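Examining the three-dimensional arrangement
Below are the chains, spelled out letter by letter.
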Amino acid sequence: MILDDILQIPPYSLNHREKERLLTERLMELTERHRENCPEYRAILGAMGYDHGKVRTYKDLPFLPVRLFKELSLRSVPQEEVVKTMTSSGTSGQAVSKIYLDRTTSANQQKTMVKIVSDFTGSSRMPMVILDCPSVVKDRRMFSARGAGILGFSIFGAKRIYALDDDMKLDVEGLAEFLEKYKGQDILLFGFTFMVWQHFYKELVRLKEDGITFDLSRGILIHGGGWKKLAGEAVSPEEFHWRLNDVCGLDRIHDYYGMVEQTGCIYMQCEYGHLHASIFSDVIMRRPLDFSECGTDEQGIIQVVSVLPESYPGHSLLTEDEGILLGEDDCPCGRRGRYFKVVGRLKDAEIRGCSDTYAAKFR
Amino acid sequence: MLEKDMMEALAGVSFLVGNKETVGRIPDIPALEPFAAEMLDMLNDVSRSLMTDREAKQYPDVVTYAFWIRKSSALKLKERFHREDGDIRLGRGTAFHIAPSNVPVNYAYSLTAGLLTGNANIVRIPTKEFPQVDIINRAFREVLAGERYARLRPYVCLVRYGREKAVNDLFSALADTRIIWGGDDTIAEIRKSPLAPRAGEVTFADRFSLAVIDAGNYLDLDEREKERAAEDFYNDTYLTDQNACTSPRLVAWMGENGRVEEAKAEFWQRLYGLVARKYVFQPIQGVNKLMSSCLAAAVYGMETASAVIVEPHTDNRLVRVKVQRILDGLMELKDNSGYFFEYDCADVLELKGLCDDKHCQTISYIGNREMLMPLLTSGIRGVDRVVQVGKTMDFDLIWDGYNLYERLTRVIAAGGGGVTV
């Protein structure tokens, strides 16, 4: 099945039966493709006793733990064909994921994202405010997740400014000028959840006390990257929403779930607060004990599948996030496919044993 | 060290048994003879206190410890280690113990080794709270509070503090022997604090262990013995999340082909039954084991197909990965909490590579110990102990290749054993 054909289908138009047929065919093809071209992947399938003939649905396909991309360099194309290497945003000293993209996969990621996001923002490009600093996207060959996100979303911006300088200070004048210039138009805002809160929202609150306000009632905010860093601030998604609304009139706010290992296939949050899987990808919640599939409303580990990865074997991955499937094909927003919520990261194991993690904790 | 610096360093230290003043006086406390009668009585009273403690009974590790410090078992140790040769043996003085942070009762064994050999002890207790630690400390406090053992009070100093180097510096400077549990990283960290020139050190580094099972011998066990074997193996592994230095990470099967498969099926089935009943599974462990399986497959399975086979499993509580050959570096890919490499072993010498590794600590076995002899006498550089399955955690004064009795005592040569030169 050719991906270009899939890309012609509107992203939330298929019901579960149609989608299952499409995903099963494409993902089985990808499994074979990576088995042929990635020796590590072939070895893993071999060790697991994978039998192509027994697969009835894409849910039967094997999945790799996302962490594997931190330990191994997994490629299904020759090094010469790699045009981009994406890395996850690990904190310093931690291993980072390395994702190798060839021209095709990279282009398809871009196209897919346009399809998905346009469904929420409309297809015309808008003036765009990036709630981050310009230095994040400096090196164009090595992309961090933050940089990749910004560049990915930048194509939706007709005119763009970075709202923060490299010291993460809000450029008050620049922003005021920009908003004045495009007054009366829809404005796209994009940033990482934590950055939006820390360096944008908080600054707006402070400025308001000084009598400086911004009107963003025509704004559409898309943010992602997770709530982990905000846990310390005890901000819930609901509070995040109403507080931003309160300080600058922003009302169209979409969180999204996604990861560098499956760039392009993001899961956008609809008006009803649900994250949605498009036809280009899916989520399967798995029980930790035996990896069997959870029922609706049951919390499990999130497996993600994507039709895009051709240059690396990342089309079926087990994340370390937990989520809950809320329903399928029947979200009140009208979009078909699965909708769900993300609960958070799996807790590290507390294990006994002789060997401490003393040095790690040592300052 | 200046009194003031010392008090400053001790500011963040909490004393669970003993107090700050004890630390100041520690260099002046007399070294005792090993297995001093008074000490054995004291430990016996601690044992009795634990044995009658209702809470203690819930913790098999506390009960095992209480059993080990009874006078009768201490006297057996004395018999093994003590020699009447006219020389005088004494504790080396002060022992500073750094206990591992995640094995609750380990600190008590370390302390007891120090006490039996006549030393004053400063023991750094895990910062993590364990009920077992409270129970044992309570017993020591209670027994030492009595007038009868007032003289022994300064020999037991149990402290809890964070990771402050200043405190490590202070206790290390006081130590005649420093005992570091907790593996390579802890050793590297504590070694930043210097010891006195004549002081000695015992370090318990990162190790791995394995089990060897004779299939025929196992299959010949009766019903009760097989159930017992499962429990023993469970205690060797799952009880410490299969993450103690003594926990087998690989099981090697000896015996005829057909019998090996039969034995495996039964052995793992019985173990799984126990695990499903007793083991508390944590969600991330499933992901970790999948990760470890994939890594092993990718690292070793690239050249030869079926070099690594992830055995079908009921669930993630028990995951077995069969390896066709024992590969270099396999143990770097070990995991815990019920993740076993498995190997069909036609000749025990096939394990030589693993056992030649100095990280290799304990071989536990089911079968006849003789089957291991060709391996043990083949000139291997690793392996410090060989015990039956179920005994891997049994503590002894010879531990991890060290004779703690020797390490914690010194000799005044007075027996006239020398030769005139």
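Calculation notes
- Residues numbered from 1 in each chain as written.
- Chains lettered and ligands numbered in written order.
- Predicted model: local features only at pLDDT ≥ 70, side-chain atom pairs only at ≥ 80, totals over all residues.
- Helix = DSSP H or I, 4+ residues; strand = E, 2+ residues; numbered from the N terminus.
- Rg over C-alpha atoms; globule rule 2.2 N^0.38 Å.
- Buried ≥ 20, exposed ≤ 12 C-beta atoms within 10 Å, placed from the backbone.
- Contact = placed C-beta atoms within 7 Å.
- Nonpolar A, V, L, I, M, F, W, Y, C, P; charged D, E, K, R; others polar.
- Pairing = 2+ DSSP bridges.
- Axes fitted to C-alpha atoms, helices over the stretch in contact; angles between N-to-C directions.
- Domains from an automatic or database assignment.
- Core = buried A, V, L, I, M, F, W, Y, C linked by C-beta atoms within 7 Å.
- Parallel < 35°, antiparallel > 145°, perpendicular 65-115°, else oblique.
- Left-handed = near helix turned anticlockwise from the far one by under 90°.

**Concerning the overall build of chain A**
Looking only at helices and strands, chain A has 10 helices and 15 strands in total. What you see for chain A is a C-alpha radius of gyration of 21 Å, in line with the 21 Å of a compact globule of 363 residues. Once the C-alpha set of chain A is aligned to its principal axes, its extents read approximately 65 × 55 × 45 Å. Looking at chain A as a whole, 44% of its 363 residues qualify as buried. Put simply, of all contacts in chain A between residues at least 6 apart along the chain, 71% involve residues at least 24 apart.

**Details of the interface of chain B and chain A**
The partner chain A presents 35 residues to the 45 residues of chain B that form the contact. Among the secondary structure elements, those contributing two or more residues to the side of chain B that touches chain A are helix 9 (183-190), helix 13 (283-300) and strand 10 (308-310) of chain B. Counting residues per element, the side of chain B that touches chain A draws most heavily on helix 13 of chain B, which supplies 13 residues. Looking at the side of chain B that touches chain A, its residues break down into 22 nonpolar, 17 polar and 6 charged.

**Quick notes on the sheet that holds strand 3 (residues 94-98) of chain B**
All names here are of chain B. Spatial strand order, 1-5-4-3-6-7: 6 strands in an open sheet with mixed pairing. At either end of the open sheet lies a strand with only one pairing partner, and these are strand 1 (14-17) and strand 7 (200-203). Across the sheet, the axes of successive neighbouring strands diverge by a mean angle of 20°, strand direction being ignored. Here 5 bridges tie strand 3 to strand 4 (residues 120-124), and the two strands are oriented parallel to one another. Bridged to His97 within strand 4 is Val123. Strands in contact with helix 6 (residues 106-116) are strand 3, strand 4, strand 5 (156-160) and strand 6 (177-180); relative to strand 4, the strand with the most contacts, it is inclined by about 165°. Relative to the sheet, helix 7 (residues 131-145) contacts strand 1 and strand 5, its axis offset from that of strand 1 by approximately 70°.

**With respect to the domain arrangement of chain B**
Residues and elements named next belong to chain B. Domain boundaries assigned for chain B yield domain 1 (3-204 + 400-412) and domain 2 (208-397). Between the C-alpha centres of domain 1 and domain 2 there is a distance of 33 Å. Contacts between the two partners involve 11 residues from domain 1, matched on the other side by 6 residues from domain 2. Breaking the side of domain 1 that touches domain 2 down by element, the ones donating at least two residues are helix 5 (71-81), helix 6 and helix 16 (404-408). Classifying every residue of the side of domain 1 that touches domain 2 gives 8 nonpolar, 2 polar and 1 charged.

**A look at the nonpolar core**
Among the nonpolar cores identified, the biggest contains 148 residues, and A:Leu131, B:Ile213 and B:Ala252 are the most heavily contacted of them. For this core, the element with the most residues is helix 13 of chain B, which contributes 10 residues. Discounting chain neighbours no more than four positions away, the residues touching B:Ala252 are B:Leu210, B:Val212, B:Tyr343, B:Cys345 and B:Leu351. Membership of the second largest hydrophobic core comes to 72 residues, among which are B:Val46, B:Ile180, B:Cys245 and B:Leu397.

**Remarks on unusual backbone geometry**
A negative phi angle is the norm for most residues apart from glycine, just as the trans form is the norm for most peptide bonds. Residues and elements named next belong to chain B. Of note, Phe35 is a non-glycine position whose phi angle comes to about 55°, a positive value. Assignment of secondary structure puts Phe35 in the loop between helix 2 (20-25) and helix 3 (37-51). With 20 C-beta atoms counted inside 10 Å, the residue Phe35 sits in the buried group. Positive phi outside glycine occurs at Asp400, with the angle close to 60°.

**Overview of the environment of A:Thr319**
All names here are of chain A. Inspection of the secondary structure puts Thr319 in strand 14 (residues 316-328). When the C-alpha positions of Thr319 and Met259 are compared, they lie 9.3 Å apart, and in sequence the two are 60 residues distant. Excluding anything up to four places from it in sequence, Thr319 contacts Val66, Met259, Ile301, Ile302 and Val304.

**A closer look at the sheet that holds strand 10 of chain B**
Pairing between the strands of a sheet is mediated by backbone hydrogen bonds and can be parallel or antiparallel. All names here are of chain B. Taken in spatial order, the 7 strands line up as 10-11-12-9-8-13-14 in an open sheet, and their pairing is mixed. Edge strands, defined here as strands with exactly one partner in the open sheet, are strand 10 and strand 14 (385-388). The average angle at which neighbouring strand axes cross in this sheet is 25°, direction not considered. As paired strands, strand 8 (residues 208-214) and strand 9 (residues 248-254) are joined by 6 bridges and run parallel to one another. Within strand 9, the position partnered with Val212 by the bridge is Ala252. Sheet contacts for helix 12 (residues 257-278): strand 8, strand 9, strand 11 (319-323) and strand 12 (339-345); angle to strand 9, the most-contacted strand, approximately 145°.

**Some words on the packing of helix 3 (residues 39-48) of chain A against helix 13 of chain B**
The N-to-C vectors of helix 3 of chain A and helix 13 of chain B enclose an angle of 120°; their axes lie 8 Å apart at closest approach. Here helix 13 of chain B runs oblique to helix 3 of chain A, going by the angle between their axes. You can see that helix 3 of chain A and helix 13 of chain B cross each other, and the crossing is right-handed. Facing A:Glu40, A:Ala43, A:Ile44 and A:Ala47 of helix 3 of chain A, the residues of helix 13 of chain B in contact are B:Ser293, B:Cys294, B:Ala297 and B:Ala298. Of the residues contributing to the contact of helix 3 of chain A with helix 13 of chain B, the split by class is 6 nonpolar, 1 polar and 1 charged.

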